Amino acid sequence: MKASVAHKIDAVFRLPTYLFVTALGLVFAVLTFLSMNQKIPENYVKTQAVIERIEEYRKFDDTPEHEVYIGYRIGDAELSDLPLHIYDSTMQPGGTVEIYVDPDMPDSFILEQKNDLAFVIISGVLLVIGVTGTVRHLAKFKKK
């Protein structure tokens, strides 16, 4: 009798778990799709920005944070000390990043986003596990 109670409890929690995993996979898929379809305005010009410096500081919980500052030249304008607001551990002072700059407003730029294969794989795996588990669970439930 204990096994049947445990089995019922397991059955009650299994479906919501599969549905949650499916929803999580959908969220990852949508975020990945949106980041991959970033539209760069037509008047923006692609250029290389130099990483001038990276400042490290600690948050209140002692977690390290980084602020990256870049500089670039566009037309006659030379800009420097602009915060990038994104940090990657591969970034080093003197390195470069690809950006798109509005020639009419030289301090307005968009960082070129690289498509991250890891997010595509994670969303795919979560969707497969979630959908497969949900379908199998519902098929078992329907048989009983």
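See the structure printed just above.
Computed from a prediction, not measured in an experiment: that's the story for all the values here.

Enquirer: Give a detailed account of the overall build of the protein, specifying residues and quantitative values.
Expert: If you tally the helices and strands in the protein, you get two helices and five strands. Order of helices (α) and strands (β) in the protein, N terminus to C terminus: α-β-β-β-β-β-α. Considering the protein as a whole, with its 144 residues, one finds that 24% of them fall into the buried category. A fraction of 62% describes how many contacts in the protein between residues 6 or more apart in sequence connect residues 24 or more apart. Just so you have it, the protein exposes about 10500 Å², and 63% of that area is on carbon and sulfur atoms.

Enquirer: I'd like a rundown of the nonpolar core, residues and numbers included.
Expert: Formed by 14 residues in total, the largest nonpolar core has its most connected members in Ile-70, Tyr-72, Val-97 and Ile-99. The set of elements that each furnish at least two residues to this core consists of strand 1 (45-58), strand 2 (64-74), strand 3 (77-83) and strand 4 (96-102). With four residues, strand 2 is the single largest residue contributor to this core. If sequence neighbours within four positions are ignored, Val-97 has contacts with Thr-47, Gln-48, Ala-49, Ile-51, Ile-70, Met-91 and Leu-111.

Enquirer: Which residues make up the side chain of Thr-134, and what are the values?
Expert: When you line up the elements, Thr-134 lands in helix 2 (residues 117-143). Given a relative accessible area of 11%, Thr-134 falls into the buried group. There is a polar contact of 2.7 Å between the side chain of Thr-134 and the backbone oxygen of Gly-130. Among residues more than four places away in sequence, those in contact with Thr-134 are Leu-15, Tyr-18, Leu-19 and Thr-22.

Enquirer: Report on the packing of aromatic side chains, specifying residues and quantitative values.
Expert: By the definition in use, this model includes one aromatic pair. Considering the side-chain rings of Tyr-72 and Phe-109, the 5.9 Å spacing of their centres and the 75 degrees angle between planes classify their relative orientation as edge-to-face. Of this pair, Tyr-72 sits in strand 2 while Phe-109 is found in strand 5 (residues 105-111), placing the two residues 37 residues apart along the sequence. In this structure, Arg-53 packs its charged tip against the face of Tyr-69, placed 3.9 Å from the ring centre.

Enquirer: Please give an account of the sheet that holds strand 4 that cites residues and values.
Expert: Read from one edge to the other, the open sheet built from five strands follows the order 3-2-1-4-5, with strand pairing classed as antiparallel. Only two strands of the sheet have a single neighbouring strand rather than two, namely strand 3 and strand 5. The mean inter-strand angle of the sheet, taken between neighbouring strand axes irrespective of direction, is 35 degrees. Pairing of strand 1 with strand 2 involves eight bridges; the strand directions are antiparallel. Bridge pairing in strand 2 links Arg-58 to Pro-64.

Enquirer: With reference to specific residues and values, describe the pattern of salt bridges.
Expert: Between side chains of opposite charge, a pair can form as their charged atoms come close. Counted under the stated rule, the structure contains five salt bridges. In this structure, Glu-98 engages Lys-46 in a salt bridge whose closest nitrogen and oxygen atoms are separated by 3.8 Å. Taken together, the residues span a long stretch of sequence, with Glu-98 in strand 4 and Lys-46 in strand 1 at a distance of 52 residues. A relative accessible area of 22% places Glu-98 in the partly exposed class. Across the pair Arg-53 and Glu-55 runs a salt bridge whose closest N-O atoms are separated by 2.9 Å. In this structure, a network of salt bridges that share partners links the residues Arg-53, Glu-55 and Asp-81.

Enquirer: How would you explain the pairing of strand 5 if you had to name every residue and give the values?
Expert: Bridge analysis of strand 4 against strand 5 gives four bridges, and the strand direction is antiparallel. Paired with Val-101 across the strands is Phe-109, a residue of strand 5.

About the cut-offs
- Residue numbering note: each chain is counted from 1, following its sequence as written.
- Confidence filtering applies because this is a predicted model: local features only for residues at pLDDT of at least 70, side-chain atom pairs given and counted only at 80 or more, and all residues used for totals across whole chains, interfaces and linings.
- Working from all heavy atoms in the structure, the side-chain values ignore hydrogens and water.
- By definition, any uninterrupted DSSP run of H or I lasting at least four residues is a helix, any uninterrupted run of E lasting at least two residues is a strand, and each is numbered from the N terminus.
- Whether a residue is buried, partly exposed or exposed follows from its accessible area with a 1.4 Å probe, protein chains only, as a fraction of its type maximum: under 20%, in between, or over 50%, in that order.
- Working rule for contacts: check all heavy atoms of both residues, and any pair within 4.5 Å makes them a contact.
- Note on areas: these come from Shrake-Rupley sampling with a 1.4 Å probe, and a residue is covered only by the protein chains present in the view.
- Nonpolar cores were defined as sets of buried Ala, Val, Leu, Ile, Met, Phe, Trp, Tyr and Cys residues, with membership established by side-chain atoms within 4.5 Å.
- Think of a polar contact as two N or O atoms within 3.5 Å of one another; within protein, one of them needs to be a possible hydrogen donor and the other a possible acceptor, and neighboring residues in sequence only count if both atoms come from side chains.
- Pairing of aromatic rings covers Phe, Tyr and Trp, the last through its six-membered ring, and needs centres within 6.5 Å; plane angles under 30 degrees mean stacked, over 60 mean edge-to-face, and all others mean tilted.
- Remark: a charge is flagged as sitting over a ring if the NZ atom of Lys or the CZ atom of Arg is within 6 Å of the ring centre and within 35 degrees of the ring normal.
- Note: two strands are recorded as paired if DSSP finds a minimum of 2 bridges between them.
- For every element, the axis is a line fit to its C-alpha atoms; helices are fit only across the contacting stretch, and the angle between N-to-C directions ranges from 0 to 180 degrees.
- Between Lys or Arg on one side and Asp or Glu on the other, a salt bridge is scored when a side-chain nitrogen of the former is within 4 Å of a carboxyl oxygen of the latter.

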